[in-house]
Amino acid sequence: MEIICLQENFKKGINVVGNIIGKNLTLPILNNVLLTVEKKRLRLISTDLEMAITYWTPGKVKKEGEITMPAKLLSDFINNLPNKKIEIKTKDNSLHIKCENFKSVVKGIDSKEFPIIPKVRGGSILKIEALKLKQAFSQVVNFTSLSDIRPEISGVLIDFNSEGIKFVATDSFRLGEKTLSIKNETKTSVIIPLRTVQELIRILSEQGRDELVEILIEQNQILFKTPDIQLISRLIEGTYPNYEQLISKQFETNLILDRDEFLNTVKITSLFSSKINDLRLKVIPKKSLVEIFAQDTEIGENTSELKGEIKGKEVEIIFNHKYLLDGLNNIDSNKVILGLNGETNPGILKPVGDPGFVYVIMPIKL
Amino acid sequence: MTNEELWQIVLGEIELSISKASYITWFKNTNVLSNKDGQIVISVPNAFTKEWLENKYSKIIQKALRNISKDIKETSYVINYKKEAESAKKKKKKKVPSKLEVSILDEQLDFNQITVDKKTNLNPRYSLDNFVVASFNELAHAAAQSVIKSPGRTYNPFFIYGGVGIGKTHLLQAIGNKIAKENSSKKIIYVSSEKFTDDVISAIAKGEMDKLKNYYRKIDVLIIDDIQFLAGKEKTQEEFFHTFNTLYENNKQIILSSDRPPKAIPTLEERLRSRFEGVMIADIGHPDLETRIVILKTKIKDLNLELPDEILNYIASNVQTNIRELEGALNRILAFVKLNNSIPAQNQVVKILKNIISNPQKRTTHKNIIKIVAEFYDIDPKDLTDRSRKKELVKPRQVAMYLLRWELKSSYPFIGAKLGGRDHTTAIYACEKITKEKENNDSFEEELNLIRQRLYNYTS
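Residues numbered from 1 in each chain as written. Chains lettered and ligands numbered in written order. Predicted model: local features only at pLDDT ≥ 70, side-chain atom pairs only at ≥ 80, totals over all residues.

1. Digging into the overall build of chain A
A tally of helices and strands in chain A yields 6 helices and 26 strands. Counting the 366 residues in chain A, one finds 42% classified as buried. (Helix = DSSP H or I, 4+ residues; strand = E, 2+ residues; numbered from the N terminus. Buried ≥ 20, exposed ≤ 12 C-beta atoms within 10 Å, placed from the backbone.)

See the structure below:
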C-alpha cells in the first residue's frame, strides 16, 4: 500500500482509535492498529474484542493494501511530527514513513492475523445529533456501577420508546435518568457496557455540533456510525432492574434551592464529613431553612444554613456528599428541586424547568 | 461420546497446531452446542470469535472433527453470551470470595432493599425460586402453587400458620409476586393486619369508610399477614368480615397468615373464626438440619458468595428453630468476612455467634412460678400450698406443678414438697392431667402460654 496524507488527519485518526488498545495481554496483535488503504481513503481499525473502532481519513492513494502497526509507537511518533504531508508505504511487513526531515521504518505484523470485525446487519434505529447524544450519556455515565457482580447495571441503559429515549445508569445507591424527547418508532432497550459509553463520549466530543450519529442494533451488538467513524460494541445481556418505581412523584417534603448555593454549601460542609462521607440535612419548613451538618471526630465539625422554598414535613436525612455532588454537578439549571419522603426513602433531585433529568439518591442509615 | 468429550478432543488437537495466545483468545468459552446428522453447532462467546473461527480456523476445526468422526459434514457457529457472563461470574467468585460488595454492613442504603412495589406493597426480593421446600413446609408450598395457578378457585381462602421466622411472609409475598408476574392485570394488595387496622381507624376518623370499602373490595388478590393481631379489635374485625365476604363471594383470592391456627386466636369473633376454619389451612413447621443447611446455601448463593461447609454446618446445627435467626447468624459471619477480608476459623465462628447461640436460657424460680400462677388466677399464693381441695384452687395448683416440671425441670418429689408437702405421685398425676387437658383444649393451651409470658416478662 501507498498513500500520502496530512499529519493532522492521521493524528486525529490514531487518537480516535488508539485509546482502546493495550488492555489485552494474551494476543499481541491486539496491541496493533490495522491500516488499510482502500477506495481513496485510509482506514484505521482497533479492537479489544469487546468493541471495535473504525476511522476513515482522506488521502492521496497510490496503491491499495493493508498492514498492522503497534499502536503505541505509531501514535507517539505521528503525534510529534510536524503538520506536514506524510508519505506511507509498505514493504514486506514494515511500514516506511516519510515526513519532512524524518524517515523511519516501523516493523508491523501481517494484517491477516488481525481480528475480523463483525458487521451489524440490523436496521437503523435512529439518527441523532452527536452533541445531544454525548450530553445525554455524560449526564448519567458516572452513576454506572463499576463492579461486575451485577452485570446488568454495569452499563448504561438506553430505552427507546414512542415518547423518547431514556438513558439510565445506577450503581444501586443512586440513579440518574435522562430523557430526550425524540420521536422514534422502535421500541427496544439495550444495556451498553460502561467502557463503550466512555469511549463514545470521548469520540463524540471531538465531533462537530451538527454531525449526525446513526444507531444500529442487532442481537447482542450495537453500532454507532458517523460518516468518518464507526464504533461497534457488544451489549450486556440481562434485564435492567425495574427502576421506575424508585422515582416517586409525590414528596412529604419539597425543597426548591438555589443550585450554586446548594452545591457550594455541600462542598464546604463535606470537608468535615467522616469516612463514610455522611452529611446530615435537617430540613425545617417553618423557618424555610436547611441545616447541613457534618462532623468527624478527628477533623472537627461544620454547620451551614441554606435558605429556600420549603414545604411539607420536617425531616432529618443523611446523604453521602459525593453522591449529592455528583447529582448537582449534572444539573445546570439555576434552581433545583429536592424531594424527600422520610429518612429512609430515596430522595429525588431534579432541575427546575427541565423535566428531562432526574437523580435518585439513597440516604445513609441514621 | 458426549458433545463435551468430543469438543475436548478437538480442542486438544487444535491446541497443538496454533499458538498458545491464539488458542486462549479464540477457544476460551467455546463448546459444542449440538451434534445432529453430521451438523455441528459450536457456541462461541462473542461476535469477534465467531468471525474468526468461521473465517480462519474453520478448516482446522473441521479436520479435527473429521478425525474423530467421519460423518461430520458441516460446522456452524452461534454466539452465546450467557455462557461467557456465567463463567466470568464464576471466575470472579473464585478469585475474590471474601471481597464482599454486598452491603450488609454498609450504612449506605441501596435500592435493592426497598424495591417494594408501592401499588401492591410486595417486595420482589421474595420469590418462590429462593423459597426452600422441604417436608416441614411442603403442604403450604404445594397449596401455594395451586393458588398461583388459579387464584380464587382452588384454595380460597388460603390460610397459612406457623411459628415466628419460618417463612410465612416469604411464602405470602412470593405468591403475590408470582401472581403479579403472570397476570399483571390482577390487582394484588399485601397488607399487614396492623396496616389494615390503621386504615380502618383512619377511615373512621376521617369519615371515609365508603372509600376504604371500595378500595378493599375491588382487589383481586388480598393478602393479609399476621391476622392474629386482629384479635380484640372489634370494629376492624367487622370491617374485615364484610370485606372478606364480598371478596369471597366474587371468587377473589384471599390469603391469610397467622402464628397459630384460627382456633387458637383468642377474642376472634365467632363468625370470623368459623370462616377461617372452613378454608384451606396449611401449617409450616420447623425445618430439619438438612433443610437449614440448604436454606443457608440458597441465601449465600443469592448474595454470590461462598463460605466453607463447616461454617454452614455449625450455624445450621446450632440455630435450630427460627429461619430468621439462622439468617441473622449468617449475616454476622458475612459481616466478619467483610470487615477482615478473611474467612473466620472455627473458634472464631464460635465466638462470633456466641450471643446468638448461647442465648442465655430464660431463668425463673419456683417461687416466681407460684407467685405468677397465683396472680394469674387471682388467688393467694398460700392457697396453692394449702390442703384445700376446692375446684378453683386445684386447677391452679396443678398448673403450677406442670410449670415447675416443664419450665424448671424440677423433680416430682421437689414439686410435691414445694406445694405444701404433697406426695410425688400427686405431682405426676397433675402434670399428666394438664398435658392431656392442653392437648384437648386449645384455649387452655393459650392460657398456659399467657402464664408463661408473664413468667418471663416479670423476671426479665
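On we go from here.
2. Observations regarding the overall build of chain B
If you tally the helices and strands in chain B, you get 21 helices and 8 strands. Within chain B, the fraction of its 460 residues that count as buried is 32%.

3. A short note on the sheet that holds strand E13 (residues 174-180) of chain A
Residue and element names in this part refer to chain A. Here 9 strands make up an open sheet; going across it, the order is E14-E11-E12-E13-E26-E25-E24-E18-E22 and the pairing antiparallel. Of all the strands in the sheet, the pair left with one neighbour each is strand E14 (188-193) and strand E22 (309-312). Shown here is a sheet whose adjacent strand axes are inclined to one another by a mean of 15 degrees, direction ignored. Note that strand E11 (residues 155-161) and E14 share 6 bridges and pair antiparallel. Its bridge partner lying in E14, Asp-159 is registered against Ser-189. (Pairing = 2+ DSSP bridges. Axes fitted to C-alpha atoms, helices over the stretch in contact; angles between N-to-C directions.)

4. Side note on helix H6 (residues 168-182) of chain B
Helical geometry: 3.6 residues make up each α-helical turn, so side chains three or four residues apart lie on a common side. All names here are of chain B. Taking 1.5 Å as the rise per residue, H6 with 15 residues should run 21 Å; its terminal C-alpha atoms sit 21 Å apart, in good agreement. Of all 15 residues making up H6, 12 are buried, and the element is well covered by its neighbours. Turning to H6, its buried residues number three or more, namely Lys-168, His-170, Leu-171, Leu-172, Gln-173, Ala-174, Ile-175, Gly-176, Asn-177, Lys-178, Ile-179 and Ala-180. Packed against the buried residues of H6 are helix H5 (138-149), strand E4 (158-162), strand E5 (188-192), strand E6 (221-225), strand E7 (253-258) and strand E8 (280-284). (Expected span 1.5 Å × (residues − 1). Contact = placed C-beta atoms within 7 Å.)

5. Remarks on the sheet that holds strand E15 (residues 212-218) of chain A
All names here are of chain A. Read from one edge to the other, the open sheet built from 8 strands follows the order E6-E2-E3-E4-E17-E16-E15-E10, with strand pairing classed as antiparallel. Looking at the sheet topology across the chains shown, the edges are occupied by strand E6 (65-70) and strand E10 (124-129). Strand after strand, the sheet turns through a mean of 20 degrees between neighbouring axes, direction not considered. Pairing between E15 and strand E16 (residues 221-225): 5 bridges, direction antiparallel. Looking across to E16, one finds that Glu-218 is bridged to Gln-221. Helix H4 (residues 194-204) contacts strand E4 (51-58), E16 and strand E17 (229-234) of the sheet and is inclined by roughly 170 degrees relative to E17.

6. Considerations on the packing of helix H11 (residues 289-302) of chain B against helix H12 (residues 309-318) of chain B
All names here are of chain B. Two elements in contact, H11 and H12, have axes separated by 9 Å at closest approach and are oriented at 130 degrees. By the angle between their axes, H11 is oblique relative to H12. When you trace H11 past H12, the crossing you get is right-handed. Where H11 abuts H12, its residues Leu-289, Arg-292, Ile-293, Leu-296 and Lys-297 lie against Leu-312, Asn-313, Ile-315, Ala-316 and Ser-317. Of the residues contributing to the contact of H11 with H12, the split by class is 6 nonpolar, 2 polar and 2 charged. (Parallel < 35°, antiparallel > 145°, perpendicular 65-115°, else oblique. Left-handed = near helix turned anticlockwise from the far one by under 90°. Nonpolar A, V, L, I, M, F, W, Y, C, P; charged D, E, K, R; others polar.)

7. What about the nonpolar core?
Ranked by internal contacts, the top residues of the largest apolar core, which has 119 residues, are Val-33, Ile-53, Phe-137, Val-156 and Phe-319 of chain A. It is helix H3 (residues 47-68) of chain B that contributes the most residues to this core, 7 residues altogether. Not counting the four nearest positions on each side in its chain, Phe-137 of chain A is found in contact with Val-156, Phe-167, Val-197, Leu-200 and Ile-201 of chain A. Residues Ile-254, Leu-296, Ala-329 and Val-337 of chain B belong to the second largest nonpolar core, which totals 61 residues. (Core = buried A, V, L, I, M, F, W, Y, C linked by C-beta atoms within 7 Å.)

8. Description of the pairing of E15 of chain A
Remember that side chains alternate between the two faces of the sheet whenever the strand is regular. All names here are of chain A. Because side chains alternate across E15, one face comprises the buried residues Val-213, Ile-215 and Ile-217, and the other comprises Leu-212, Glu-214, Leu-216 and Glu-218, none of which is buried. Strand direction decides the pairing type here: E10 and E15, joined by 5 bridges, are antiparallel. Looking at E15, one finds that Ser-124 is bridged to Leu-216. Between E15 and E16, which pair antiparallel in sequence order, lie 2 residues; one of them, Asn-220, sits at a positive phi of approximately 75 degrees.

9. Considerations on the environment of Asp-423 of chain B
All names here are of chain B. If you trace the backbone, Asp-423 turns up in the loop between helix H19 (412-418) and helix H20 (424-440). We classify Asp-423 as exposed; it has 12 C-beta atoms within 10 Å. Distance in space between the C-alpha atoms of Asp-423 and Pro-413 is 6.8 Å, their sequence separation being 10 residues.

10. Things to note about the packing of helix H3 (residues 130-141) of chain A against H4 of chain A
Residues and elements named next belong to chain A. Where H3 meets H4, the axes come as close as 9 Å, and the angle between the chain directions of the two elements is 140 degrees. Between H3 and H4, the crossing angle belongs to the class labelled oblique. As for how H3 packs across H4, the hand of that crossing is left-handed. From H3, Ala-130, Leu-133, Lys-134, Phe-137, Ser-138 and Val-141 reach across to H4, where they touch Val-197, Gln-198, Leu-200, Ile-201 and Leu-204. Class assignment of the residues belonging to the contact of H3 with H4 gives a composition of 8 nonpolar, 2 polar and 1 charged.

11. Some thoughts on the environment of Leu-257 of chain A
Topologically, Leu-257 of chain A is positioned in strand E18 (residues 253-258). Between the C-alpha atoms of Leu-257 of chain A and Ile-337 of chain A, which are 80 residues apart in sequence, the distance is 6.5 Å.

12. What to know about the confidence of the model for chain B
Caution applies to low-pLDDT regions: their predicted coordinates should not be interpreted in detail. Looking at chain B as a whole, the pLDDT averages 79, with 89% of positions reaching at least 70. The ipTM value of the predicted complex is 0.75, and its pTM value is 0.59. (pLDDT = per-residue confidence, 0-100.)

13. Quick notes on the environment of Ala-174 of chain B
All names here are of chain B. In this structure, Ala-174 sits in helix H6. Given 24 C-beta atoms within 10 Å, Ala-174 falls into the buried group. In the structure, Ala-174 is positioned 30 residues away from Ala-144 in sequence and 9.0 Å away in space, judged by C-alpha atoms. With residues up to four places along the chain from it excluded, the contact list for Ala-174 reads Tyr-126, Ser-127, Leu-128 and Phe-131.

14. Things to note about unusual backbone geometry
A cis amide bond links Asn-156 of chain B with the next residue in sequence, Pro-157 of chain B, at an omega value of -10 degrees. Non-glycine residue Asn-277 of chain A carries a positive phi angle of around 65 degrees. Classification of Asn-277 of chain A by C-beta neighbours within 10 Å gives partly exposed; the count is 19. In this model, Asn-251 of chain B sits at a positive phi of 60 degrees, which is unusual for a non-glycine residue. You can see Asn-251 of chain B is positioned in the loop between helix H9 (234-249) and E7.

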